[in-house]
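Single-letter residue listing:
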Amino acid sequence: MFTNLLKFILGVVLALAVLLGTGLTVALYFVNRTAVTPPKPTYPNDNPSKQAKKPKPSPKTQAKKQATPNPTSSPTPTPTESPKSLPPGAYEGTVTWAAGLSLRGEPDTNSPTTGGVGGNKKVIILEESADKKWQKVRIADTDKEGWVKSGNIKRSQ
């Protein structure tokens, strides 16, 4: 009778040990799986300098590319106006608002935004609205035009 009781207690202890061991193993597996951070996804509109760099082609492939010249030529654009020339009455300025400015299609706060210009960027002030609250500007680098609120641009010397 004593041996049967000992067998029963030993069976219960072994069953609990197997269950606890299995539960602990599964718990550690899932904890370790959630501790690993997945790789950051990259999207087509991400900044290309932050994306993984492509491997450079080997010298063999570069030599092949150089050996076969491309006979097509790209057309050269004909400039219609010198980028340095300003329209009459226009002057250069710098955006003083650090966060940048929103370009609008019309001199009105309800007008849709057509783009923006960053802080400390060079712009060309083309004209002012009749009430002097808005200025029509052209971004010097891109030639994009729009209306911005007055008072956020400092005239350049």
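Presented here is an overview of the structure given in this document. Sequence positions are assigned chain by chain, starting from 1 and proceeding in written order. pLDDT decides what is reported in this predicted model: residues at 70 or higher carry local features, side-chain atom pairs at 80 or more are listed and counted, and totals for whole chains, interfaces and linings draw on all residues regardless. Only heavy atoms go into the side-chain values, all of them from the structure, while hydrogens and water stay out.

## Remarks on the packing of aromatic side chains
Where two aromatic rings form a pair, the distance of their centres and the angle of their planes describe that pair. By convention, a stacked pair of Phe, Tyr or Trp rings (six-membered ring in the case of Trp) has centres within 6.5 Å and planes under 30 degrees apart, an edge-to-face pair has planes over 60 apart, and any other such pair is tilted. Overall, the coordinates contain one aromatic pair when judged by the stated rule. Summarising the aromatic geometry, the rings of Tyr29 and Phe30 are spaced 5.3 Å apart at their centres and angled 75 degrees between planes, so their arrangement reads as edge-to-face. With relative accessibility at 49%, the residue Tyr29 sits in the partly exposed group. For Arg155, the ring lying beneath its charged end belongs to Tyr91, and the centroid distance is 3.9 Å. Accessibility here uses a 1.4 Å probe with only protein chains present; expressed as a share of the type maximum, an area under 20% marks a residue as buried, one over 50% as exposed, and anything in between as partly exposed. Note on criteria: charge over ring means Lys NZ or Arg CZ within 6 Å of the ring centre, with the direction from the centre no more than 35 degrees off the ring normal.

## Some thoughts on the pairing of strand E1 (residues 91-95)
For E1, a buried count of four out of five residues is recorded, marking the element as mostly surrounded by other parts of the structure. Two strands make a pair as long as DSSP finds a minimum of two bridges between them. By the criteria applied, helices consist of DSSP H or I runs no shorter than four residues and strands consist of E runs no shorter than two, each listed in order from the N terminus. Summarising the sheet, E1 and strand E4 (residues 122-128) pair through four bridges and their orientation is antiparallel. Paired with Glu92 across the two strands is Ile124, which belongs to E4. Both E1 and strand E7 (residues 153-155) contribute to a ladder of three bridges, which runs antiparallel. By the bridge assignment for E7, Gly93 is matched with Arg155.

## A closer look at the nonpolar core
In this text, buried Ala, Val, Leu, Ile, Met, Phe, Trp, Tyr and Cys residues form a nonpolar core when linked through side-chain atoms within 4.5 Å. Grouped together as the largest cluster of nonpolar side chains are eleven residues: Tyr91, Val95, Leu101, Leu103, Val117, Val123, Ile125, Val137, Ile139, Val148 and Ile153. Of all elements in the fold, only E1, strand E2 (101-104), E4 and strand E5 (134-139) reach the threshold of two or more residues within this core. Sequence-distant contacts of Val137, that is, excluding residues within four places in its chain, are made with Leu103, Val123, Ile124, Ile125, Leu126, Lys144, Glu145, Gly146, Val148 and Ile153. Any pair of residues with heavy atoms lying within 4.5 Å of one another is described as a contacting pair.

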